[in-house]
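Close look at the chain arrangement
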Amino acid sequence: MSFTALCGYGGWLPKHPEVHKNFIRRLISRAVQRSNDSTTHEPAVAAFGNAIQGHPVMKSLFDQILRQVHERNEVTSFEHLLSLLDCIIVTAPKYELATDPEGNVIGEPVGVPIYLLFDLLSNTAAAYDLFRMEEFNRALKALLENWGKFLMQPGSNLTLNETDEGWFGKAGIQSLEQHLGKYNFEQTFKCPDAAADNRGFATWDAFFTRPLHDNVRPIETELIVLPPIVPRTTAAEQGTLIYSACESTVLQIARDVKKDDQFWLKGQPYSLYDMFNRSDEYAKLFEGGTVYQAFLSPLDYHRWHSPIKGTIKDIVVVDGTYYAVLPDAGAEKNDPDLPEGDPHGALIRSQPFLTISAARVLIYIESDDTNIGTLCFIGVGMAEVSTCQVTVKKGQEVKPGTELGMFHFGGSSHTVVFQKGTEFHERDHIKSGEHVWINSIIGVATRKGE
């Protein structure tokens with residue numbers, strides 16, 4: 001059994017169409033001004049352009065994308081795309097302001113600007129072919145890593161300020177504090193200088209990977225009452241608490257997952273063999289198990305914590321795609337954010353597919369607890385979130401709350417995979433669309449048949 005429900009786009013797409021349109025409009029204007037001042041591209045953009053244009057198949061596929069893309073697309077040519085990228089990779093993401101139809105000033109953060117350029121382009125048959133090509137992703141990785149280097153340098157923090165378009169302006173801080181509970185931003189996160197306009201963050205990446213203050217996300221210890229199927233007297237029979245590995249929004253839970261499966265335009269199952277980078281050994285170990293998946297918005301805390309006590313058995317880093325999606329006919333009738341047929345957001349609707357295609361890291365944790373056995377945490381880099389940094393080592397002992405690693409430069413997704421024989425009982429509130437704190441209890445694990 002599994003449940004799946006649409007749960008919004010979690011900050012990946014602006015909720016207000018006016019903000020989305022204004023971002024694209026202003027970006028195009030900046031690109032025009034830049035082209036008037038310079039006839040050359042940024043070096044990293046030029047290298048990306050040469051790689052695509054110099055490869056007959058990739059060049060042909062991009063031409064097909066422009067013929068297939070929805071009419072709302074505003075990227076008019078490959079050269080136009082390069083000119084827009086020129087403007088993005090020399091700046092940090094910022095808060096975007098616009099005016100709604102009633103004349104009210106509205107604003108939202110645009111944390112993944114390159115994704116907004118590729119969003120509609122990706123939702124085409126030609127992009128499904130191009131964006132999965134190893135050569136394309138190699139060229140794109142070099143471009144994204146160049147932007148990542150900029151975001152780690154002094155000067156990348158200029159959008160961290162208290163102006164209307166700053167991340168710490170009135171509207172920006174409200175967005176950042178949306179899911180923080182009783183604490184404000186400065187009380188939740190370690191800021192080098194909480195009184196400064198930029199809170200003391202020397203770079204954009206330092207802000208993005210900001211650590212939590214101690215005790216703001218304590219390890220919960222409350223017991224979960226399981227259904228009284230059989231009497232439970234021992235600690236093992238009572239079950240083992242499973243903690244949230246990320247600050248994230250629940251996507252879905254799938255049970256009895258297959259070792260091998262096909263991905264179609266709808267229904268997106270999980271294929272363990274592909275998720276585990278074609279490891280037959282691990283696919284067999286987890287066959288028939290359970291997958292819990294949740295995704296992070298650009299506003300969330302982006303470090304990962306261990307969901308259980310155990311020992312790091314293995315770590316596998318997988319290069320993958322960045323913008324490949326399963327093309328679809330647009331938002332479905334019951335979509336919570338977009339009107340039916342809206343072509344935006346295919347990447348978010350393709351999250352189970354991303355577990356087999358996107359850049360990701362697999363961290364296997366072995367537990368002496370018979371309720372768990374071996375568990376796998378998968379950090380999935382989405383779009384420009386091309387860097388998955390691991391901070392634990394093979395053989396290291398961990399416990400709930402131990403940092404495992406972090407994402408850089410955008411938003412992301414993650415899964416926790418339980419092996420066959422483990423029954424995962426989620427808490428009542430763990431449903432699609434529910435935002436959960438890191439270190440909070442998401443459920444309890446027992447042995448099947450107990």
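These figures come from a predicted structure and were not determined experimentally.

The rules behind these values
- Residues numbered from 1 in each chain as written.
- Predicted model: local features only at pLDDT ≥ 70, side-chain atom pairs only at ≥ 80, totals over all residues.
- Heavy atoms only, no water.
- Phe/Tyr/Trp six-rings, centres within 6.5 Å; stacked < 30°, edge-to-face > 60°.
- Helix = DSSP H or I, 4+ residues; strand = E, 2+ residues; numbered from the N terminus.
- Contact = heavy atoms within 4.5 Å.
- Buried < 20%, exposed > 50% of the residue type's maximum accessible area, 1.4 Å probe, protein only.
- Pairing = 2+ DSSP bridges.
- Axes fitted to C-alpha atoms, helices over the stretch in contact; angles between N-to-C directions.
- Parallel < 35°, antiparallel > 145°, perpendicular 65-115°, else oblique.
- Nonpolar A, V, L, I, M, F, W, Y, C, P; charged D, E, K, R; others polar.
- Polar contact = N/O pair within 3.5 Å; in protein donor to acceptor, adjacent residues only side chain to side chain.
- Disulfide = S-S within 2.5 Å.
- pLDDT = per-residue confidence, 0-100.

**Regarding the packing of aromatic side chains**
All told, the structure shown has 23 aromatic pairs when counted by the stated rule. On the basis of an interplanar angle of 35 degrees and a centroid distance of 6.2 Å, the ring pair of F48 and F78 is categorised as tilted. Separated by 30 residues along the polypeptide, F48 in helix α2 (residues 43–53) and F78 in helix α4 (residues 78–88) bring together distant segments of the chain. Arranged with centres 5.1 Å apart and planes meeting at 55 degrees, the rings of F276 and F286 form a pair that is tilted. With a gap of ten residues between them, F276 in the loop between α12 (272–275) and α13 (280–286) and F286 in helix α13 connect regions that are remote in the sequence.

**Notes on the environment of L120**
Assignment of secondary structure puts L120 in helix α5 (residues 113–122). Considered as a pair, L120 and L66 are 54 residues apart in the sequence and their alpha carbons are 10.0 Å apart. Those residues in contact with L120, other than ones at most four positions away along the chain, are V69, R72, N73, P343 and H344.

**Quick look at the side chain of S440**
On the secondary structure map, S440 appears in the loop between β16 (435–436) and β17 (441–447). In contact with S440, not counting residues within four places along its chain, are E220, I242, Y243 and S244.

**Notes on the pairing of strand β4 (residues 240–243)**
Burial along β4 is two-sided: the residues T240 and I242 and L241 and Y243 are all buried. Across four bridges, β4 lies against β17 in antiparallel orientation. The residue of β17 that forms the bridge with I242 is G443.

**Quick look at the packing of α2 against helix α7 (residues 134–151)**
The interhelical angle for the contact between α2 and α7, taken along N-to-C directions, is 175 degrees, at an axis separation of 9 Å. Considering the angle they form, α2 stands roughly antiparallel to α7. In contact with A44, V45, F48, A51 and I52 of α2, α7 contributes F136, A139, L140, L143 and N146. Here the contact of α2 with α7 is composed, by residue class, of nine nonpolar, one polar and no charged.

**A short note on the side chain of S367**
Note that S367 resides in the loop between β9 (360–366) and β10 (374–381). You can call S367 buried: its relative accessible area is 11%. For S367, the side chain forms a polar contact with the main-chain oxygen of K309, separated by 3.4 Å. If we ignore the near neighbours within four places in the chain, the residues touching S367 are I308, K309, G310, I372 and G373.

**Topic: the sheet that holds strand β15 (residues 422–426)**
Taken together, the three strands give an open sheet; going across it, the order is β4-β17-β15, and neighbouring strands pair in antiparallel fashion. The open sheet has two edge strands with one neighbour each: β4 and β15. Averaged over all pairs of adjacent strands, the angle between their axes in this sheet comes to 35 degrees, without regard to strand direction. Alignment of β15 against β17, held across five bridges, turns out to be antiparallel. Counterpart to F424 in the pairing with β17 is A445.

**Examining the state of the cysteines**
Inspection of every chain in the model, using the stated rule, returns zero disulfides. This cysteine, C388, is not joined by any disulfide, and C246 carries the nearest cysteine sulfur, 10 Å off. You can call C388 buried: its relative accessible area is 15%.

**Here we look at the sheet that holds strand β7 (residues 303–305)**
Pairing is antiparallel across the open sheet formed by three strands, whose spatial order is β7-β13-β11. Either end of the sheet is taken by a strand with one partner, and the two such strands are β7 and β11 (387–390). On average, each strand axis in the sheet is inclined to that of its neighbour by 20 degrees, with strand direction left out of account. Where β11 meets strand β13 (residues 403–408), four bridges bridge the pair, whose relative direction is antiparallel. Note that in β13 the partner of T387 across the bridge is H408.

**Points about the confidence of the model for the protein**
Of the residues in the protein, 91% have a pLDDT of 70 or more, and the chain-wide mean is 88. Of all the helices and strands in the protein, strand β1 (residues 2–4) carries the lowest mean pLDDT, 31, while strand β12 (residues 397–398) carries the highest, 98. Counting interchain partners and residues more than four positions distant, the pLDDT-below-50 stretch residues 1–7 has 25 contacts. Under a pLDDT of 50 for its full length, residues 263–267 has, in the predicted model, eleven contacts with residues more than four places off or in other chains.

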